[in-house]
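# Remarks on the overall topology
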Amino acid sequence: QVQLVESGGGLVQAGGSLRLSCAASRIIFSIDDMGWYRQAPGKQRELVAAITNGGGTTNYADSVQGRFAISRGNAKNTVYLEMNDLKTEDTAVYYCYLRGRTKMRREIEYWGQGTQVTVSA
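Residues numbered from 1 in each chain as written. Predicted model: local features only at pLDDT ≥ 70, side-chain atom pairs only at ≥ 80, totals over all residues. Heavy atoms only, no water.

For the rest of this paragraph, the subject is the nonpolar core. Ranked by size, the top nonpolar core spans 32 residues in total, and within it W36, L81, M83 and Y94 carry the most contacts. For this core, the secondary structure elements donating two or more residues are β3 (18-24), β4 (30-39), β5 (46-52), β7 (68-72), β8 (78-83), β9 (92-101), β10 (107-111) and β11 (115-120). (Core = buried A, V, L, I, M, F, W, Y, C linked by side-chain atoms within 4.5 Å. Buried < 20%, exposed > 50% of the residue type's maximum accessible area, 1.4 Å probe, protein only. Helix = DSSP H or I, 4+ residues; strand = E, 2+ residues; numbered from the N terminus.)

The final tally for this structure, using the stated rule, is 1 disulfide. Between C22 and C96 runs a disulfide, and the two sulfur atoms are separated by 2.0 Å. In this structure, the disulfide formed by C22 and C96 twists by about -80° around the S-S bond and is classed as left-handed. Pair noted here: C22 is in strand β3 and C96 is in strand β9, with a separation of 74 residues, a long-range link. In this pair, the class of C22 matches that of C96, namely buried. (Disulfide = S-S within 2.5 Å.)

Within the open sheet, the 4 strands sit side by side as β1-β3-β8-β7. Their pairing is antiparallel. Each edge of the sheet is formed by a strand with only one pairing partner; in this case those strands are β1 (4-7) and β7. Put simply, the sheet's adjacent strands are angled 15° from each other on average, direction ignored. Sheet topology places β1 next to β3; 4 bridges connect them, and they run antiparallel. Each residue of the ladder has a partner; that of L4, found in β3, is A24. (Pairing = 2+ DSSP bridges. Axes fitted to C-alpha atoms, helices over the stretch in contact; angles between N-to-C directions.)

No statement about biological role is implied by the geometric values presented.
This is the structure in structure tokens:
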């Protein structure tokens, strides 16, 4: 079973920065895309940012456009989320995900355990 291991969350003041990292525990045969969702208390989980295999296409929530940047690592099973100019409304648990396929073309999807990001005023 593949695990996604996240790191980099924490407490930061508004206007500050954090960098989240996510790495799969083993190489995936074929990755379609990786990215980050977040869920704030009492709210639905929402897509924050996503990046396709090879990094050719990125997608951001309107609320983070221009402040957050998603990238893939040199190790193809890693993804990063650089978060700048953080706002109190960015406070949430951030979840990494990976979608891909096995050698037999079966679709797979994995999720991290979540990392807390708290932005104080």
